[in-house]
Amino acid sequence: MTALSLKRIYQDKLNTVVMIMALTLVITTPLIIFASLYTKSSMLFASDHSLWDLLFSSAWEPTKGKFGFLPFIISSIEITILSVIIAAPICFLVAIHLTQYAKHWFVKIMYPVTDILAGIPSVVYGVWGILVVVPLVSDVIAPFFGIQTTGYTLLTGAIVLSIMIIPFILNILIEILNTVPFELTEAGLSLGSTRWQVIKHIILKKAKPGIISAFGLGIARAFGETIAVLMVAGNVIKIPDGLFSASYPLPALIANNYGEMMSIPLYDSALMFGALILFVTIFLFNLVSRIVIYRLERSL
Amino acid sequence: MNQSKIEVKDLNLSIGNQHILKNINCKIPSRKITVILGSSGCGKSTLLKSMNRLTDLYPKVKISGDILLNNQGIFGKEVEVTDLRKKMGLMSQRPAPLPMSIFDNVAYGLRISGRKKKLQMKLRVEYYLKVVNLWDEVKDRLKAPASSLSIGQQQRLCLARGLAVDPELILADEPTSALDPLSSQVIEKKFMELKDSFTIVWVTHTLRQAKRMADHVIFMYLGEIIEQGPAEEFFNNPQHEITKNFLNGSFN
Ligand SMILES: Nc1ncnc2c1ncn2[C@@H]1O[C@H](COP(=O)(O)OP(=O)(O)OP(=O)(O)O)[C@@H](O)[C@H]1O
Ligand SMILES: [Mg+2]
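Position numbers for residues count from 1 along each chain, tracking the sequence in the order it is written. Labels follow written order: the first chain is A, the first ligand is 1, and so on. In view of the model being predicted, local features appear only for residues whose pLDDT reaches at least 70, and side-chain atom pairs are presented and counted only at 80 or more, with totals across whole chains, interfaces and linings using the full set of residues. Calculation of side-chain values draws on the structure's entire complement of heavy atoms; hydrogens and water are dropped beforehand.

Participant: Sorry, what's going on with the overall build of chain A here?
Facilitator: When helices and strands are counted, chain A shows 11 helices and 2 strands. Listing every helix and strand of chain A by position from the N terminus yields α-α-β-β-α-α-α-α-α-α-α-α-α. The dimensions of chain A, computed from C-alpha atoms along their principal axes, are 75 × 70 × 35 Å. Whether a residue is buried, partly exposed or exposed follows from its accessible area with a 1.4 Å probe, protein chains only, as a fraction of its type maximum: under 20%, in between, or over 50%, in that order. Counting across all 300 residues of chain A, residues that qualify as buried make up 42%. We call two residues in contact when some of their heavy atoms are within 4.5 Å. Here the contacts in chain A between residues at least 6 apart in sequence split such that 72% fall between residues at least 24 apart. Residues scored as positive are Lys and Arg, those scored as negative are Asp and Glu, and His as well as the terminal groups of each chain are ignored. Here the site of a charge means atom NZ of a Lys, CZ of an Arg, CG of an Asp or CD of a Glu. When the 18 positive and 15 negative side-chain charges of chain A are each reduced to one mean point, those points stand 12 Å apart. Here a strand is any run of E in DSSP of at least two residues, a helix any run of H or I of at least four, and the numbering for each starts at the N terminus.

Participant: How do you make sense of the interface of chain B and chain A when you look at a structure like this?
Facilitator: Accessible area lost on assembly of the parts is the figure often given for the size of an interface. With 27 residues of chain B at the interface, the matching set in chain A holds 22 residues. Between chain B and chain A lies a buried interface of about 2100 Å² when both sides are counted; carbon and sulfur atoms form 68% of it. Here a salt bridge means any side-chain nitrogen of Lys or Arg lying within 4 Å of a carboxyl oxygen belonging to Asp or Glu. At the surface where chain B touches chain A, the tally comes to 2 salt bridges. Between Lys49(B) and Glu186(A) there is a salt bridge, with the nearest N and O atoms lying 3.3 Å from each other. Between N or O atoms, a polar contact is any pair within 3.5 Å; within protein, one atom must be a potential hydrogen donor and the other a potential acceptor, and residues adjacent in sequence are included only when both atoms are from side chains. Connecting chain B to chain A are 4 residue pairs in polar contact (both at pLDDT 80 or more). When residues are grouped by polarity, Ala, Val, Leu, Ile, Met, Phe, Trp, Tyr, Cys and Pro land in nonpolar, Asp, Glu, Lys and Arg in charged, and all others, Gly among them, in polar. For the side of chain B that touches chain A, the per-class residue count stands at 15 nonpolar, 6 polar and 6 charged. Values labelled buried area give the accessible surface lost by two parts on being combined, using a 1.4 Å probe and summing over both.

Participant: Teacher, can you tell me more about the sheet that holds strand S4 (residues 61-69) of chain B here?
Facilitator: Strand-to-strand pairing in sheets goes through backbone hydrogen bonds, with the strands running parallel or antiparallel. Here the rule is simple: two strands pair whenever DSSP picks up at least two bridges between them. What the 4 strands build is an open sheet, ordered S2-S1-S4-S5 (chain B); its pairing is antiparallel. Bordering the open sheet on either side are strand S2 (18-29) and strand S5 (72-73) of chain B, each of which pairs with just one other strand.

Participant: What exactly am I supposed to notice about the environment of Ser4(B) here?
Facilitator: Residue and element names in this part refer to chain B. The topology assignment puts Ser4 in strand S1 (residues 4-15). Measuring from C-alpha to C-alpha, the distance between Ser4 and Asn70 comes to 7.5 Å, with 66 residues separating the pair along the chain. When near neighbours in sequence (up to four residues on either side) are disregarded, Ser4 contacts Lys27, Ile28, Pro29 and Ser30.

Participant: Honestly, the packing of helix H5 (residues 122-144) of chain A against helix H6 (residues 154-179) of chain A in this entry has me stumped. Any pointers?
Facilitator: Pairs of packed helices are described in terms of their axes, by the angle between the two and the distance that separates them. Residues and elements named next belong to chain A. With axes taken as lines fitted to C-alpha atoms, and helix axes fitted only over the stretch in contact, angles between N-to-C directions fall between 0 and 180 degrees. The geometry of H5 relative to H6 is characterised by a closest axis approach of 9 Å and an angle of 135° between their N-to-C directions. Classed by the angle they form, the pair H5 and H6 counts as oblique. As for the relative orientation of H5 and H6, their crossing is right-handed in sense. Along the contact surface, H5 presents Ser122, Tyr125, Trp128, Gly129, Val133, Val134, Val137 and Ile141, while H6 presents Leu155, Thr156, Ile159, Val160, Ile163, Met164 and Pro167. Residues of the contact of H5 with H6, tallied by class, amount to 12 nonpolar, 3 polar and no charged. Relative orientations are named as follows: roughly parallel for angles under 35 degrees, roughly antiparallel for angles over 145 degrees, roughly perpendicular for angles from 65 to 115 degrees, and oblique for any other angle. If you view the pair so one helix is near and one far, a crossing is left-handed when the near helix is turned anticlockwise from the far one by less than a right angle, and right-handed when it is turned clockwise.

Participant: What's the story with a nonpolar patch on the surface in this structure? I'm lost.
Facilitator: Like-charged residues are merged into a patch within 9 Å and nonpolar side chains (Val, Leu, Ile, Met, Phe, Trp, Tyr) within 5 Å, provided each residue has over 30% relative accessible area and no salt bridge. All accessible-area figures derive from a Shrake-Rupley calculation using a 1.4 Å probe, and residue coverage is judged against the displayed protein chains alone. Together, Val123(A), Val124(A), Val127(A), Trp128(A), Leu131(A), Val132(A), Ile163(A) and Ile227(A) give the surface a local cluster of nonpolar side chains, amounting to about 630 Å² of exposed area. The leading source of residues in the nonpolar patch is H5(A), at 6 residues.

Participant: Help me understand the site of ligand 1, please; the structure alone is not making it clear to me.
Facilitator: All names here are of chain B. Here a residue is near a molecule or strand as soon as one of its heavy atoms is found within 4 Å of it. In the vicinity of ligand 1, the contacting residues are Ile15, Gln18, Ile20, Ser40, Gly41, Cys42, Gly43, Lys44, Ser45, Thr46, Tyr58 and Glu174. Contact between ligand 1 and Ser40: an oxygen atom at 2.6 Å from a side-chain N or O atom of the residue. Contact distances for ligand 1 include 2.5 Å between an oxygen atom and a side-chain N or O atom of Thr46. Of all the elements in the fold, those that place two or more residues in the shell around ligand 1 are S2 and helix H1 (44-51). Of the residues assigned to the shell around ligand 1, the class counts are 4 nonpolar, 6 polar and 2 charged.

Participant: Just checking my understanding: could you explain the pattern of salt bridges for this structure?
Facilitator: Pairing is possible between side chains that carry opposite charge, provided their charged atoms lie close to one another. Residue and element names in this part refer to chain B. Applying the stated criterion across every chain, the model contains 13 salt bridges over all chains. Residue Lys139 is joined to Asp136 by a salt bridge in which the shortest nitrogen-to-oxygen separation is 3.5 Å. Judged by relative accessible area, which is 39%, Lys139 ranks as partly exposed.

Participant: Any chance you could explain unusual backbone geometry here in plain terms?
Facilitator: Most peptide bonds adopt trans geometry, and most residues besides glycine take a negative phi value. Residues and elements named next belong to chain B. If you check the backbone angles, Asp10 has positive phi at about 45° while not being a glycine. Tracing the chain through its elements places Asp10 in strand S1. Taking the relative accessible area as the measure of exposure, Asp10 reaches 46% and is therefore partly exposed. A positive phi angle, near 70°, is found at Asn71, a position not held by glycine. Its place among the elements puts Asn71 in the loop between S4 and S5.

Participant: I tried to follow helix H1 (residues 3-46) of chain A on my own but got confused; where do I start?
Facilitator: All names here are of chain A. Helices are assigned an expected span. That span is 1.5 Å times one less than the residue count. Taking 1.5 Å per residue, 44 residues should reach 64 Å; H1 reaches 61 Å between its end C-alpha atoms and fits that length. To obtain the bend at a residue, axes are fitted to the seven residues ending there and to the seven starting there, and the angle between these axes is taken. Helix geometry: H1 is bent most strongly at Thr28, by close to 40°, with proline Pro30 lying one to four residues after it. Turning to H1, its buried residues number three or more, namely Leu37, Ser41 and Leu44.

Participant: Help me out: how do you make sense of the nonpolar core in this one?
Facilitator: Across soluble globular proteins, you tend to see nonpolar side chains buried next to one another. Grouped together as the largest cluster of nonpolar side chains are 84 residues, with contacts concentrated most on Ile6(B), Ile24(B) and Met220(B). Tallying contributions element by element places H6(A) first for this core, with 15 residues. Note: domain ranges come from an automatic or database domain assignment. Taken together, domain 1 (1-87 + 167-252) and domain 2 (98-166) of chain B each give at least three residues to this core, which thus spans both. Other than its neighbours up to four places away in sequence, Ile6(B) contacts Cys26(B), Lys27(B), Ile28(B), Met51(B), Ile67(B), Leu68(B), Leu69(B), Met88(B) and Leu169(B). Residues belong to a common nonpolar core when they are buried Ala, Val, Leu, Ile, Met, Phe, Trp, Tyr or Cys residues joined through side-chain atoms within 4.5 Å.

Participant: Can you help me understand the pairing of strand S10 (residues 224-230) of chain B in this one?
Facilitator: Successive side chains on a regular strand alternate, one facing one side of the sheet and the next facing the other. All names here are of chain B. Bridge analysis of strand S9 (residues 216-221) against S10 gives 6 bridges, and the strand direction is antiparallel. Within S10, the residue paired with His216 across the bridge is Pro230. A loop of 2 residues connects S9 with S10, the two strands running antiparallel in sequence, and Leu222 in this loop sits at a positive phi of about 45°.

Participant: Looking at this structure, how should I read the domain arrangement of chain B?
Facilitator: Residues and elements named next belong to chain B. On domain assignment, one finds that chain B holds domain 1 (1-87 + 167-252) and domain 2 (98-166). Inter-centroid distance (C-alpha atoms) of domain 1 to domain 2 is 26 Å. In this complex, domain 1 contributes 14 residues to the contact, which on the side of domain 2 involves 13 residues. On the domain 1 side of the interface with domain 2, the three residues burying the most area are Lys86, Pro167 and Lys190, jointly 44% of the side's total. Linking domain 1 with domain 2 are 0 salt bridges, by the criterion used here. One can count 3 residue pairs in polar contact (both at pLDDT 80 or more) joining domain 1 with domain 2. For the side of domain 1 that touches domain 2, the element with the highest residue contribution is helix H7 (residues 181-194), accounting for 6 residues.

Right, dumping it as C-alpha cells:
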C-alpha cells in the first residue's frame, strides 16, 4: 500500500469519526438539556410540590415556598395565540400574493426584505414596541374601548410578537407555496378554473401540511420568544383578565429573575421547572405538528 | 369551409429578450393527430401552451400575431380565457394529478363548471375512467388519493380528467416521456382511438413515435417551423435540408 492511499484511508476514517461525533452531539443536546432541567427541577417534587399544584395553582409566593405557574402559563398561551391570530391572515395573504400574483420585480425586492426583517434582533423589536406600540395601545386602542392602561399589556406583547413572527412564518410559507409544481396550476387552469379556484382548490390543498407546519413553527417560535415580549407585556404576576391587562409569560419570568433572589430556597429549581415547561411544550408542539403533517401528506 | 381547427398566424413570442417562437404559421387539421416534432428546447411546449394561453402566465412574456380557434382569435378582449382553456384538454410531460381522490380528479372539472348532481356525476366519472381503460383498475378504490396510482395510471387519469370537461382538442405535451414502454403503448393506442372524436396536438421529440402516430407533422427547429405537412409527404419526401438530416438521424 502506498503512503498516499494510506493517507486517504486515514482521512476517510477521520472524517467518519468526526461526522459521527458531530451527529451524536446534535442528537444528544436536547436529551442533555432535558436531563439537566429535569434533575434540577426535580428538587421541587422532592420537597412536596405536586406537579398538579405547580401547573395549576396561581399562588406565586417564592418566599413562602409557593410556586404556582398558572399565571405565567396562561399569559404565554394567550399571548402566543393572540399573536398568531394577528399574524396568520397577513402571512397567508401576502404569501399567496407574492407567489401567485405579484410581478416579478416586486417579488425580487420582497424576498430579501423579509429575510432582513426575519434577521433583526428581537431586542430591536422590543424597543420599537416601547416607542410605537405601547403609546398606540395606551393612547388610541384602549381609549377606543373606554379603558385606561399604561400600554404595557397582553395586547401590546401580542402585537409586537406578531410583527416579529410575520417574516419568520412568511419565509416558510413562501418556500412551501413555491414547492407546489407549476404543472398543477397549468392542469387546473386548463380544466377551466380561474386563478383563484386553482389557488383555493389545488395549491392550498397540496401545500396544506406545509402550511400547518409553517404556523406550527411560528407558534413554537412565539411561545419561546423572550426579550421583546418582556419589554412590553407588563410583567405583572396575575392571570390576565383581558386584552388590556398586563401579562407575564414564562420566558420573561426566567429571564427577569434568574440569578436574582437565589437565596430563596428552591427558587432556582422553580425557574428550571419553568424552563422545563417551555422546553417540553415546544418539543411536543413540534412533534405533534410533524405527526399531523405526516398523516396529511400520506392522505393526499 | 375551413378544415383547420386551429390556425396560427405570424406568431412571435419572447420572454424577456429571448426570442422563443419566430414567425410561426401553421394549421392544425380537425380530428387528426398533428405531431409537433423537434429536438429539445426548440419551442414545442411553448407553441402548444400558447394555444390555450397558458403562456399568459410566463413572467415578462411578449406575444404578437394571432391564433385562431374555429376561425376566431383567442387573444381578443372578448375571449373568456377559462372557456377557451376548457375547450382544450392538456396532458403534461409528467402526470400532474390534483391533490385529491381518484374520483375527485375526474369530477373536479365538472364541479367547477357547475355540474353538481351526484348520480350523474358518478356515471360520468365512471364513463370517462372507462374511456381511458382505468375503471377496472380503480373501481374499488375511487376514494384513494390519486398520487397512490402508478405513473402510467396517473397519466391515464389525467387524460380522463381532461376528457371529462368535454373539450374539442387535446393538447398532449410528450405525455409518454415519463412512462415505461408498456404504459406508453397504452396511451398511444388510446389516442389513435380518440382522434375520430377529437383534434389532437401531440408534442414529441422522438421520431419513431411521430411516425407511429402522426397524420400531420409540424417540424420545428430553434423556434421556427422548418417544414409542415401530411405525415406521408413529410416522412417520405422532406423538402428541407434540416428536415432530411433530422429524419436520417444525423442531427445535432
Ligand atoms: N418560462 C420561461 N422563461 C424563460 N425561458 C423559457 C421559459 N419557458 C421556456 N423557455 C425557453 O424557451 C425555449 C423553448 O422552450 P420549450 O419548453 O418550448 O422547448 P421544448 O421544445 O418543449 O423542449 P423540450 O423538448 O425540452 O420540452 C427554451 O430555450 C427554454 O429555455
Ligand atoms: Mg417541452
